[in-house]
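So the chains spell out like this:
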Amino acid sequence: MGGLRLFPEQASTAAAKVDALYLGLVALTLFFGVLIAALLVYFAVRFREGVHRHGEVPAPHPWLEAVWIVIPLGVVLGIFAWGFQVFAYLRRAPEGALEISVVGRQWMWKVQHPEGRREINELHVPVGRPVLLRMISQDVIHSFFIPAFRVKQDVLPGRYTTLWFEATRPGRYHLFCAEYCGTAHSRMTGTVVAMEPARYAEWLAGVPPDQRPAERGRELFNRLGCPQCHRPGDATLGPELEGLFGRRVSLEGGASATADEDYLRESILDPRAKVVEGFDPVMPAFAGRLDEEEVQALVAYLKALGRSGGR
Ligand code: CUA
């Protein structure tokens, strides 16, 4: 326990950048706040009633006006550039990040690692490696917030959102839901455990892993009867799925779409929303028949097919 701490500790690569921006804004605000308050008092005294004659209008000073337009403009553009730089850093995950699935629901966080291990209200991550969370909600809007990492992202029903970070220090950190989501919102908390990579590997291997999402997806794919129409090498009834992920797809009506996670999810739950050119809208909808974890498993399987296929 140290003395007074204004901020949670800085435990990710983003933390120092976010804090610097925040403190910079506080310093700037303090500077102008104090300057304006001081001038206010000074002018109130200096130009108090009786000291000056009324009705004296000072001559215009074009250069003075230019100065007070150009300087504030430069200041706010500087804030914009700085803020944008930090924002872009927070939004763009590096290539090759470790991808972990998160499902938020009233009132818990469910996590699954690509190797299959699952956890609830805990998230184990290696330090020194970018981690990308692909998140969705089973019900209402939640928000995934790790103060020590200075990252926060809404978790929405109906579409995937992502959040990335790179932990820099082993330790246990708070995980909060930062969006009011019902009665037990305040208990929708958890722990992020950042570990040395070797310890993380041990932890992953510590229990017999659950099924990998992609394997579970393959089983679901077969059980739901998808191969009846989506046959490898035969795209008469349904489009081929090998090599599909990440590609541009032409749709009925002339539009096109990129086959990303959201597209795959929508096409499973509501196949008529985007019908691939040359096919009839005959696929049954799976909305209401699959939960988000099952959809994530199917998407993981289709992504794996995408990698093994055409590309
Ligand atoms: Cu979930 Cu608040």
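Small disclaimer: the values here were computed from a predicted structure and weren't measured.

**Thoughts on the overall build of the protein**
Point 1. In terms of regular secondary structure, the protein is built from six helices and twelve strands.
Point 2. For the protein, the C-alpha radius of gyration of 27 Å lies well beyond 19 Å, the compact-globule estimate for 311 residues.
Point 3. Each of the three principal axes of the protein carries a C-alpha extent, and together these read 95 × 55 × 40 Å.
Point 4. Taking all contacts inside the protein whose residues are at least 6 apart in sequence as the whole, residues at least 24 apart take part in 65%.
Point 5. Split by element, the accessible area of the protein, about 18400 Å² in all, is 60% carbon and sulfur.
Point 6. Positive and negative charge centroids in the protein, built from 34 and 34 side chains respectively, lie 4 Å apart.

**Overview of the side chain of threonine 191**
Point 1. Relative to the assigned elements, threonine 191 resides in strand 10 (residues 190-195).
Point 2. Beyond its immediate chain neighbours, meaning those up to four positions away, threonine 191 contacts Asn121, Glu122, Leu123, Arg172, Tyr173 and Leu175.

**Overview of the pattern of salt bridges**
Point 1. What the rule picks out here adds up to eleven salt bridges.
Point 2. Note that glutamate 293 and arginine 118 form a salt bridge whose closest N and O atoms lie 3.2 Å from each other. Placement of the pair is glutamate 293 in helix 6 (residues 292-308) and arginine 118 in strand 3 (residues 118-120), with a sequence separation of 175 residues.
Point 3. For arginine 118, a relative accessible area of 29% gives the class partly exposed.
Point 4. Its salt-bridge partner being arginine 172, residue glutamate 122 comes within 3.9 Å of it at the nearest N-O pair. In this pair, glutamate 122 sits in strand 4 (residues 122-126) while arginine 172 sits in strand 9 (residues 171-177), placing the two residues 50 residues apart along the sequence.

**Details of the sheet that holds strand 7 (residues 151-155)**
Point 1. The five strands lie next to each other as 4-10-9-6-7, forming an open sheet whose pairing is mixed. Lying at the two open borders of the sheet, with one neighbouring strand each, are strand 4 and strand 7. Pairwise comparison of adjacent strand axes, ignoring direction, gives a mean angle of 20° for this sheet.
Point 2. Summarising the sheet, strand 6 (residues 142-146) and strand 9 pair through two bridges and their orientation is antiparallel.

**As for the sheet that holds strand 5 (residues 131-137)**
Backbone-to-backbone hydrogen bonds pair the strands of a sheet. The strands run either parallel or antiparallel.
Point 1. In spatial order, the strands read 3-2-1-5-8; together these five strands make up an open sheet with mixed pairing. Strands at the two margins of the open sheet, each flanked by one partner only, are strand 3 and strand 8 (161-165). The average undirected angle you get between the axes of adjacent strands in this sheet is 25°.
Point 2. The pairing of strand 2 (residues 108-112) with strand 3 spans three bridges and is classified as antiparallel. Along strand 3, the bridge assignment pairs lysine 110 with isoleucine 120.

**A closer look at the packing of aromatic side chains**
Point 1. Summed over all chains, the structure comprises twelve aromatic pairs.
Point 2. Between phenylalanine 149 and phenylalanine 165 the ring centres are 4.9 Å apart and the planes differ by 45°, which places this aromatic pair in the tilted class. Taken as a pair, phenylalanine 149 in the loop between strand 6 and strand 7 and phenylalanine 165 in strand 8 lie far apart in primary sequence, 16 residues in all. Like phenylalanine 165, phenylalanine 149 is buried.
Point 3. Feature note: the residues Tyr42, Phe43 and Phe47 constitute an aromatic cluster, connected by ring pairs.
Point 4. In this structure, lysine 17 packs its charged tip against the face of tyrosine 89, placed 4.5 Å from the ring centre.
Point 5. The positively charged end of arginine 117 is found above the aromatic ring belonging to tryptophan 203, 4.0 Å away from the centroid.

**Digging into helix 5 (residues 261-269)**
Point 1. In terms of burial, helix 5 is largely enclosed, as seven of its nine residues are buried.
Point 2. The complete set of buried residues in helix 5 reads Glu261, Tyr263, Leu264, Arg265, Ser267, Ile268 and Leu269.

**Digging into the confidence of the model for the protein**
Point 1. Confidence along the protein averages 89 in pLDDT terms, with 95% of residues attaining 70 or more.
Point 2. Confidence, expressed as mean pLDDT per element, reaches its minimum in the protein at helix 6 with 86 and its maximum at strand 6 with 97.

**Here's the deal with the environment of alanine 11**
Point 1. Along the chain, the position of alanine 11 falls in the segment before helix 1 (15-46).
Point 2. The class for alanine 11 is buried, based on a relative accessible area of 0%.
Point 3. Between the alpha carbons of alanine 11 and threonine 189 there is a distance of 18 Å; along the sequence they are 178 residues apart.

What counts as what
- Residues numbered from 1 in each chain as written.
- Predicted model: local features only at pLDDT ≥ 70, side-chain atom pairs only at ≥ 80, totals over all residues.
- Heavy atoms only, no water.
- Helix = DSSP H or I, 4+ residues; strand = E, 2+ residues; numbered from the N terminus.
- Rg over C-alpha atoms; globule rule 2.2 N^0.38 Å.
- Contact = heavy atoms within 4.5 Å.
- Areas by Shrake-Rupley, 256 points an atom, 1.4 Å probe, with all protein chains shown as cover.
- Lys, Arg positive; Asp, Glu negative; His and termini not counted.
- Charge placed at Lys NZ, Arg CZ, Asp CG, Glu CD.
- Salt bridge = Lys/Arg side-chain N within 4 Å of Asp/Glu carboxyl O.
- Buried < 20%, exposed > 50% of the residue type's maximum accessible area, 1.4 Å probe, protein only.
- Pairing = 2+ DSSP bridges.
- Axes fitted to C-alpha atoms, helices over the stretch in contact; angles between N-to-C directions.
- Phe/Tyr/Trp six-rings, centres within 6.5 Å; stacked < 30°, edge-to-face > 60°.
- Lys NZ or Arg CZ within 6 Å of the ring centre and 35° of its normal.
- pLDDT = per-residue confidence, 0-100.

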